[in-house]
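Residue-level listing of the chains:
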Number of protein chains: 2
Amino acid sequence: MSQRNTAVTDQLTAPTDASSPEDCPLPEVLALIGDKWSAQVLVQLGEGPHRFTQLERAIEGISRRMLTVSLRNLERNGLITRTVYPDSPPRVEYATTALVEDIRAPLEALAAWARYASPVIAAARHAYDNRH
Amino acid sequence: MSQRNTAVTDQLTAPTDASSPEDCPLPEVLALIGDKWSAQVLVQLGEGPHRFTQLERAIEGISRRMLTVSLRNLERNGLITRTVYPDSPPRVEYATTALVEDIRAPLEALAAWARYASPVIAAARHAYDNRH
DNA sequence: CTGGATCCGGCAAGATACTG
DNA sequence: CAGTATCTTGCCGGATCCAG
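All values derive from a computational prediction rather than experimental measurement. Residue indices follow the written sequence of each chain, beginning from 1 at its first position. Here chains are named by letter from A upward and ligands by number from 1 upward, in the order in which they appear as written. In keeping with the predicted nature of the model, local features appear solely for residues at pLDDT of at least 70, side-chain atom pairs appear and are counted solely at 80 or more, and the whole-chain, interface and lining totals rest on all residues. Note that water and hydrogens are dropped before the side-chain values are worked out from all heavy atoms of the structure.

Participant: So what's going on with the overall build of chain A? Which residues, and what values?
Facilitator: Starting at the N terminus, helices and strands are each numbered in turn, a helix being any DSSP run of H or I of at least four residues and a strand any DSSP run of E of at least two. From N to C terminus, chain A includes six helices and three strands. Secondary structure elements of chain A occur, N-terminal to C-terminal, as α-α-α-β-α-α-β-β-α. Three exposure classes are used, based on accessible area relative to the maximum for each residue type with a 1.4 Å probe and protein chains only: buried under 20%, partly exposed in between, and exposed over 50%. With 132 residues in all, chain A has 40% of them scored as buried. Note on definitions: a residue-residue contact is assigned when non-hydrogen atoms from the two residues lie within 4.5 Å. For chain A, the share of sequence-separated contacts (at least 6 apart) that also reach a separation of at least 24 residues comes to 48%.

Participant: Now, about the packing of aromatic side chains: what can you tell me, with residues and values included?
Facilitator: Stacked, tilted and edge-to-face are the three classes applied to pairs of Phe, Tyr and Trp rings, where Trp contributes its six-membered ring and a pair requires centres within 6.5 Å; stacked means planes under 30 degrees apart, edge-to-face means over 60, and tilted covers the rest. Taken as a whole and assessed by the stated rule, the structure comprises zero aromatic pairs over all chains. The criterion is that NZ of a Lys, or CZ of an Arg, lies within 6 Å of the ring centre and within 35 degrees of the ring normal, and then a charge sits over that ring. Over the ring of A:Tyr85 we find A:Arg91; its NZ or CZ atom is 4.2 Å from the centre of that ring.

Participant: Give me the UniProt feature "domain: HTH hxlR-type" (unreviewed entry) in chain A: which residues, what numbers.
Facilitator: UniProt positions are given in the numbering used here, feature names are shortened, and annotations may be inferred rather than shown by experiment. Under the feature "domain: HTH hxlR-type" (unreviewed entry), the UniProt entry names residues 24-122 of chain A. From the first C-alpha to the last, residues 24-122 of chain A spans 29 Å; its make-up is 62% helix and 14% strand.

Participant: Outline the sheet that holds strand β2 (residues 80-85) of chain B, listing residues and values.
Facilitator: All names here are of chain B. The strand order β1-β3-β2 describes an open sheet built from three strands, whose pairing is antiparallel. The sheet terminates laterally at β1 (50-51) and β2, the two strands that pair on one side only. Helix-sheet contacts for helix α5 (residues 64-76) involve β2 and β3 (91-96), and the interaxial angle to β2 is about 110°. DSSP calls a pair of strands paired once it identifies at least 2 bridges connecting them. Axis definition: a line fit to C-alpha positions, over the contact stretch in the case of helices; interaxial angles, taken between N-to-C directions, run 0 to 180 degrees.

Participant: Can you explain the environment of A:Pro119? Please cite residues and give values.
Facilitator: Residue and element names in this part refer to chain A. Residue placement: Pro119 occurs in helix α6 (residues 98-131). When its relative accessible area of 52% is taken as the criterion, Pro119 is described as exposed. A C-alpha to C-alpha distance of 33 Å links Pro119 and Thr53, two positions 66 residues apart in sequence.

Here is the structure:
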């Protein structure tokens, strides 16, 4: 199942025109991690395995319920693993799977873009609002 | 691992360690284009300027209302421009701004990842559902 | 042709309380 | 500690009609 595969990005560099937006599965990705919290969970887990409360504290503003929902969803889609240790008190650890390795780069690129674009966007928004 | 980066990401990931998830502005990006349609609109406009009806036909399943809403939102945030030509019947053209150029690469990387990961995810989901 | 305005159902998601 | 269950609210988004 979990084959390490770095050939993903090779498809990109390939000189195919590849820009046909018809078969662009971008919506699928966004359906997976495009919601309010999943991406942050993935980013946080990128730092290494985390326990439930650890995540809850690390991710500002998330509710217990939403954390649970996000984790279940990510687990269901095979993006994270959930390991229960038979301790007392109970201990559960979440970690990313190999699948996630290959999106970390584009995700960080997006984050980098955000840092750079944020003030520009704020200015554009302000200008637009003044115009209306 | 992956090495396909634009000027923007090169500049910004270089100086700092970039792996601190605290100041990760990923949620901002997702708030911008993480909704159901905006990303597809951007992708479509990446092919070149489009008129309203042209977009409506190109993007499968979008309603007029949602197209309008998405376009307004993108315009407000400075990601696209809206040009009105004083013709009869009225003609309006939408095009991406320079800001968008720099996210196209990571966005396509995400799409490529989706193509590769889709079957794996489907399998994981199926396995999970059987387990419950 | 390019939208705006309005109504409305359904789901996302916060708050709160309870449990093994 | 690591969740569930339930209630409630907000808003996303589809349908429909109207307008310049």
